[in-house]
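# Chain and residue survey
The residues making up each chain are set out below.
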Amino acid sequence: MKFWQAVSFTEPEQLVEIAKLAEEVGFDGILVSDHLFFPEQLSSKYPYTPDGVPGFSAETAWPEPFALVGAMSAVTTRLRFATMVYILPLRHPLEVAKATATLDILSGGRFILGVGAGWMKEEFDQLGVDFQTRGARFDESIAVLRKLWAGGMVEHHGRFFDFPRLQMSPAPSRPVPIYVGGASTIALRRSARSGDGWLGNGSDPAEASRILGELARLRREAGRERLPFEAVVPLTTPPDPDVLRRLEDQGAHGTVSYPFMYTLGPTSTLAEKRRYLEGYAERVIRKTRG
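Structural notes, computed from the coordinates.

Scoring rules and cut-offs
Every chain is numbered on its own, with residues counted from 1 as its sequence reads. Local features in this predicted model are restricted to residues of pLDDT 70 or higher, and side-chain atom pairs are both shown and tallied only at a pLDDT of 80 or more, whereas totals for entire chains, interfaces and linings draw on every residue. With hydrogens and water set aside, each side-chain value is computed from the structure's full complement of heavy atoms. Numbering of helices and strands runs from the N terminus; a helix is a DSSP stretch of H or I covering at least four residues, while a strand is a stretch of E covering at least two. Radius of gyration means the value over C-alpha atoms here, while the globule rule gives 2.2 Å times the residue count to the 0.38 power. Whether two residues touch is decided by their heavy atoms; if any such pair falls within 4.5 Å, the residues are in contact. Methods summary: accessible areas were calculated by the Shrake-Rupley approach with a probe of 1.4 Å, and residue burial reflects only the protein chains presented. Neither His nor the chain ends contribute to the count of charged residues, in which Lys and Arg are positive and Asp and Glu negative. Where a charge sits is defined by one atom per residue type, namely NZ (Lys), CZ (Arg), CG (Asp) or CD (Glu). In this text, buried Ala, Val, Leu, Ile, Met, Phe, Trp, Tyr and Cys residues form a nonpolar core when linked through side-chain atoms within 4.5 Å. Burial classification: accessible surface area is computed with a 1.4 Å probe over protein chains only, and a residue below 20% of its type maximum counts as buried, one above 50% as exposed, and the rest as partly exposed. Two rings belonging to Phe, Tyr or Trp (six-membered ring only in the last case) form a pair when the distance between their centres is within 6.5 Å. Interplanar angles under 30 degrees mark stacking, angles over 60 mark edge-to-face geometry, and anything in between is tilted. Charge-over-ring contacts are defined here by two conditions on Lys NZ or Arg CZ: a distance within 6 Å of the ring centre and an angle within 35 degrees of the ring normal. One bridge is not enough; two strands pair if DSSP finds at least two bridges between them. Crossovers are marked right-handed if the path from the first strand over the helix to the second runs clockwise, as seen with the strands pointing away from the viewer.

## Here we look at the overall build of the protein chain
Along its length, the protein chain carries 10 helices and 11 strands. Against the globule reference of 19 Å for 290 residues, the protein chain gives a C-alpha radius of gyration of 19 Å, in line with a compact fold. Looking at the protein chain alone, contacts between residues at least 24 apart form 70% of all its contacts between residues at least 6 apart. Carbon and sulfur atoms make up 53% of the accessible area of the protein chain, which amounts to about 13,300 Å² in all. Mean positive and mean negative side-chain charge positions of the protein chain (34 and 35 charges, respectively) differ by 6 Å.

## Points about the nonpolar core
Counting 63 residues, the largest nonpolar core has Phe3, Phe27, Ile30, Leu113, Leu145, Trp149 and Trp198 as the members making the most contacts within it. Sequence-distant contacts of tryptophan 198, defined by excluding residues within four places in its chain, comprise Tyr179, Val180, Gly182, Leu188, Ser191, Ile211, Leu215, Phe229, Glu230, Ala231, Val232 and Val233. By size, the runner-up hydrophobic cluster in this structure holds 9 residues, among which are Ala82, Ile112, Leu199 and Val232.

## Brief notes about the environment of glycine 29
Topologically, glycine 29 is positioned in strand β2 (residues 29-32). Residue glycine 29 is classed as buried on the basis of its relative accessible area of 0%. With 50 residues separating them along the chain, glycine 29 and leucine 79 place their C-alpha atoms 5.0 Å apart. Ignoring anything within four residues of it in the chain, the contact list for glycine 29 reads Phe3, Trp4, Gln5, Leu79 and Arg80.

## What to know about the packing of aromatic side chains
Enumeration according to the criterion identifies 16 aromatic pairs in this entry. Arranged with centres 5.4 Å apart and planes meeting at 25 degrees, the rings of phenylalanine 27 and tyrosine 280 form a pair that is stacked. Of this pair, phenylalanine 27 sits in the loop between α1 (15-25) and β2 while tyrosine 280 sits in helix α10 (residues 270-289), and the two are 253 residues apart along the sequence. Each of the two residues, phenylalanine 27 as well as tyrosine 280, counts as buried. Through pairs of rings, three or more aromatic residues link up here, namely Phe9, Phe38, Tyr46, Tyr48, Phe56, Trp62, Trp119 and Tyr262. Between arginine 190 and the ring centre of phenylalanine 138, over which it is positioned, the NZ or CZ distance is 4.3 Å.

## Observations concerning the pairing of strand β8 (residues 178-181)
Here β8 shows a buried face lined by Ile178 and Val180 and a second buried face lined by Tyr179 and Gly181. Pairing of strand β5 (residues 111-116) with β8 involves 3 bridges; the strand directions are parallel. Along β8, the bridge assignment pairs leucine 113 with isoleucine 178. For the handedness criterion, the β-α-β arrangement of β8, helix α6 (residues 185-194) and strand β9 (residues 197-199) is classed as right-handed.

Structure below.
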């Protein structure tokens, strides 16, 4: 079982030091989030609350995730980093491929591209991207990324992206892993058929067990059950080593310590975060691993 610390909503000036602390106490990875802006008039419904209202505001900091991972990877040696999640259909895959290949090389192969379809239509509108076709754009973007990461001359002629033979250099030494986020039927199917892993958005143990079973079934149907795959399962219940071990037996590969905003409050000092990380490592990481 791998343990990830989510750093959404964290004070930006603390993030580099938090990566050093997380590695020091025994975490395996850091999860960073992605949004371009927060509109003054938000019409889109947030999919993870009953009333559709997000638990963040215009003042919430959203550092650019690739720059953030680059800074954190420069001060660590073992920690892995994943976006949870990068809004892939909002961007052009040529730019994403270039940025992520460079990041993966400079981090020593410690980067995972966690991707989602996005929910905030206002972001798509400002970039002139059709919100309604984001699912199909998402799937095609994954195909384009893997072509470009393979290195050498490649071409692509699709519905949304069309380019002649070209080469992106430097290419990563291996394709950057793509983990698909979300618990909808479409997200699980996309993860099973196209992803190298899955990122949950929070569920209780019973629901997590059901999702893990569904992912296994979908991967078998796609003929991909023997390929490497990592399921990261955040839980909405307090972390329990016995529960985590049972989920690991059912196919979970990782879990998540929630953002500090939820565990320590809207703001907290680095000293308070250190105490939290040390406590989590003692209560959960070490006991789960025996």
